[in-house]
Amino acid sequence: MYNEMSLRFISKRNNIIIVRNMVGAMLVDHNPTLTFLNEMKTILSEAITNCIVHGYQNQEDKYIDMKIVLDDTKVSVSIEDYGVGIEDVHQAREPLFTTKQEEERSGLGFTIMEMFSDYMEVESTVGKGTRLYFEKNW
Ligand SMILES: Nc1ncnc2c1ncn2[C@@H]1O[C@H](COP(=O)(O)OP(=O)(O)OP(=O)(O)O)[C@@H](O)[C@H]1O
Ligand SMILES: [Mg+2]
């Protein structure tokens, strides 16, 4: 059955767990497997962490916009920040690429998100922000 939800939240780390649980609650109608739920939560954590630590350089008072759409075949999610943006999206998506080596980042966030989703795109403009869109089939 169709459902959709839009959510605007600020860039606090605590909000990651809240958003993960909200989306989890929304998916329950479709009886997802535990694996599906865990993969979805992992994607959300990686995506929102990127908005906070990269997009907003850990400032806690910035907006992140998210939209979740459920239909009979898939879950579609967009997550958008209005932060620094990404200079070279292709390079950023390469496994192990990170601009924060000194902060024990491994550069695997995009790789993990890609692995757990069925379709993923990243749009970014330097100085304007970044939008991630992904789909995960039931
Ligand atoms: N929302 C964003 N805004 C600005 N830059 C971003 C954003 N998301 C990702 N990036 C850039 O893309 C790079 C790769 O992101 P990715 O999530 O794959 O690795 P990481 O965040 O550096 O490390 P990890 O996710 O393993 O902790 C980041 O180092 C950063 O330079
Ligand atoms: Mg990351």
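Residues numbered from 1 in each chain as written. Chains lettered and ligands numbered in written order. Predicted model: local features only at pLDDT ≥ 70, side-chain atom pairs only at ≥ 80, totals over all residues. Heavy atoms only, no water.

**Overview of the site of ligand 1**
Okay, so step 1: Contacts to ligand 1 come from 20 residues, most closely from H54, D81, T98, T99 and S106.
Okay, so step 2: L108 is positioned such that a nitrogen or oxygen atom in its backbone is 2.9 Å from an oxygen atom of ligand 1.
Okay, so step 3: A distance of 3.2 Å separates an oxygen atom of ligand 1 from a polar atom in the backbone of G109.
Okay, so step 4: Of all elements in the fold, only α2 (34–55) and α4 (109–116) reach the threshold of two or more residues within the shell around ligand 1.
Okay, so step 5: The dominant element in the shell around ligand 1, judged by the number of residues it contributes, is α2, at five residues.
Okay, so step 6: Residues that form the shell around ligand 1 fall into these classes: seven nonpolar, ten polar and three charged. (Near = heavy atom within 4 Å. Polar contact = N/O pair within 3.5 Å; in protein donor to acceptor, adjacent residues only side chain to side chain. Helix = DSSP H or I, 4+ residues; strand = E, 2+ residues; numbered from the N terminus. Nonpolar A, V, L, I, M, F, W, Y, C, P; charged D, E, K, R; others polar.)

**Here we look at the packing of α2 against α4**
Okay, so step 1: The geometry of α2 relative to α4 is characterised by a closest axis approach of 9 Å and an angle of 150° between their N-to-C directions. It follows that α2 is roughly antiparallel to α4 by the angle criterion. Here the hand of the crossing between α2 and α4 comes out left-handed. Residue-level inspection shows E39, T42, I43, E46, A47 and N50 of α2 in contact with α4, the latter providing G109, F110, I112, M113 and F116.
Okay, so step 2: For the contact of α2 with α4, the residue count by class is six nonpolar, three polar and two charged. (Axes fitted to C-alpha atoms, helices over the stretch in contact; angles between N-to-C directions. Parallel < 35°, antiparallel > 145°, perpendicular 65-115°, else oblique. Left-handed = near helix turned anticlockwise from the far one by under 90°. Contact = heavy atoms within 4.5 Å.)

**Here's the deal with helix α1 (residues 14–27)**
Note: α-helices contain 3.6 residues per turn, so residues at a spacing of three or four share the same orientation.
Okay, so step 1: Across its 14 residues, α1 extends 21 Å between first and last C-alpha, which sits within 8% of the 20 Å expected from 1.5 Å per residue.
Okay, so step 2: Listing the buried residues of α1 in full gives N15, I16, V19, V23, G24, M26 and L27.
Okay, so step 3: On its buried side, α1 packs onto β1 (3–10), α2, β2 (63–70) and β3 (74–81). (Expected span 1.5 Å × (residues − 1). Buried < 20%, exposed > 50% of the residue type's maximum accessible area, 1.4 Å probe, protein only.)

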